[in-house]
Amino acid sequence: MSIYQLKPAFQNLLRPGVVRLHAWGVTANQVTVLACVISVALGLGLFFLAPPPQAFALIPLWMFVRMAFNAVDGMLAREHGQQTPLGAFLNELTDVVSDAALYLPFALVLPGNPFWLGLVIVLAGLSEFAGALGPTVGASRRYDGPMGKSDRAFVFGALGLALALGIPMPGWTALLMPVLALLIALTTVRRVRSALAERHVSSSTTTTKGRS
């Protein structure tokens, strides 16, 4: 089960606020861009300024708020007639950029070779790319897999909280990024296979209807 499956309940909590934002003239694209700007500023700030470990508490806090931002922009787009081609591009691209920026500071503090964190960043982008390609083959946007965006946010948020609380990172945590990379790779494969399976079912249904 992915954390993504909890999204409908989360959206229901946010819906009254989304209605209010729409009444104030806030657009989905504005929310999307603002979330990306804050993510990049936070990630690069932690990486280049090298603040004390307590500053990593900002990661789980922002990860939670960012999930709300992501839900809000989607609801503004779908439920308030704000879907645009530009919004579709922004939604996918800013998520990948934001994730990369927020994961980057952990290269300074996690045990093990930073290569694995870099691989996680690359594979995370590929997994979202694979999900976004679903509509190009006649399937839906795919969110399948054991390590989607929400799941990664949980993992890195928990790591940020542990660092902020001064919890030591034992040697075995060097295996965490390789395991995470494997799970993201499996997520990518599953999204591709699910999209192809969905396309096959859709094509079969269309053929059956054409013959009836």
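Preceding this paragraph is the structure being described.
These figures come from a predicted structure and were not determined experimentally. (Residues numbered from 1 in each chain as written. Predicted model: local features only at pLDDT ≥ 70, side-chain atom pairs only at ≥ 80, totals over all residues. Heavy atoms only, no water.)

A. Highlighting the environment of P16. Within the fold, P16 resides in helix α1 (residues 7-23). Along the primary structure P16 and P114 are separated by 98 residues, whereas in three dimensions their C-alpha atoms are 43 Å apart. (Helix = DSSP H or I, 4+ residues; strand = E, 2+ residues; numbered from the N terminus.)

B. Spotlight on helix α3 (residues 58-79). Here α3 is 22 residues long and its end C-alpha atoms lie 31 Å apart, about the 32 Å a rise of 1.5 Å per residue gives. Downstream of α3 by one or two residues, G81 has phi in the positive range, about 65°. (Expected span 1.5 Å × (residues − 1).)

C. Representation of the packing of aromatic side chains in the model. Following the criterion strictly, the structure yields six aromatic pairs and no others. An aromatic cluster is present here, built from F56, Y103, F106 and F156 joined pairwise through their rings. (Phe/Tyr/Trp six-rings, centres within 6.5 Å; stacked < 30°, edge-to-face > 60°.)

D. Local environment of the nonpolar core. I59, F106, F156, M177 and L180 are the most contacted members of the largest nonpolar core, which totals 37 residues. Contributing elements (two or more residues each) for this core: α1, α2 (28-49), α3, α4 (85-103), α5 (114-132), α6 (149-164) and α7 (176-211). Take this core: its biggest share by element is ten residues, from α3. Contacts of I59, omitting those with residues within four sequence positions, involve L42, L46, L102, F106, F156 and G157. (Core = buried A, V, L, I, M, F, W, Y, C linked by side-chain atoms within 4.5 Å. Buried < 20%, exposed > 50% of the residue type's maximum accessible area, 1.4 Å probe, protein only. Contact = heavy atoms within 4.5 Å.)

E. The arrangement of α4 in detail. Helix length check: α4, at 19 residues, gives a terminal C-alpha distance of 28 Å against a target of 27 Å (1.5 Å per residue), a fit within 8%. Along α4, the positions that sit buried rather than exposed are G87, L90, E92, T94, D95, S98, D99, A101, L102 and Y103. Among the structural elements, α2, α3, α5 and α6 are those in contact with the buried residues of α4.

F. Local environment of unusual backbone geometry. Even without being glycine, A50 reaches a positive phi, approximately 45°. Structurally, A50 can be placed in the loop between α2 and α3.

G. Up close: the pattern of salt bridges. Enumeration over the complete set of coordinates arrives at eleven salt bridges. Residue E79 pairs with R15 through a salt bridge whose shortest N-O separation is 2.7 Å. Of the two residues, E79 sits in helix α3 while R15 sits in helix α1, which places them 64 residues apart along the sequence. Note on R15: relative accessible area 27%, which makes it partly exposed. Put simply, R152 and D99 hold a salt bridge, and the shortest N to O gap is 3.0 Å. Of this pair, R152 sits in helix α6 while D99 sits in helix α4, and the two are 53 residues apart along the sequence. A relative accessible area of 0% places R152 in the buried class. Through salt bridges with shared partners, one network takes in R66, E92, D95, D99, E128, R141, K149, R152 and R191. (Salt bridge = Lys/Arg side-chain N within 4 Å of Asp/Glu carboxyl O.)

H. Layout of the packing of α3 against α6. One way to put it is that α3 packs onto α6 with a least axis distance of 7 Å and a crossing angle of 155°. Here α3 lies roughly antiparallel to α6, going by the angle between them. Along its contact with α3, which presents I59, P60, M63, R66, M67 and N70, the element α6 presents K149, S150, A153, F156, G157, G160 and L161. Of the residues contributing to the contact of α3 with α6, the split by class is seven nonpolar, four polar and two charged. (Axes fitted to C-alpha atoms, helices over the stretch in contact; angles between N-to-C directions. Parallel < 35°, antiparallel > 145°, perpendicular 65-115°, else oblique. Nonpolar A, V, L, I, M, F, W, Y, C, P; charged D, E, K, R; others polar.)

Taken by themselves, the reported measurements are silent on function.
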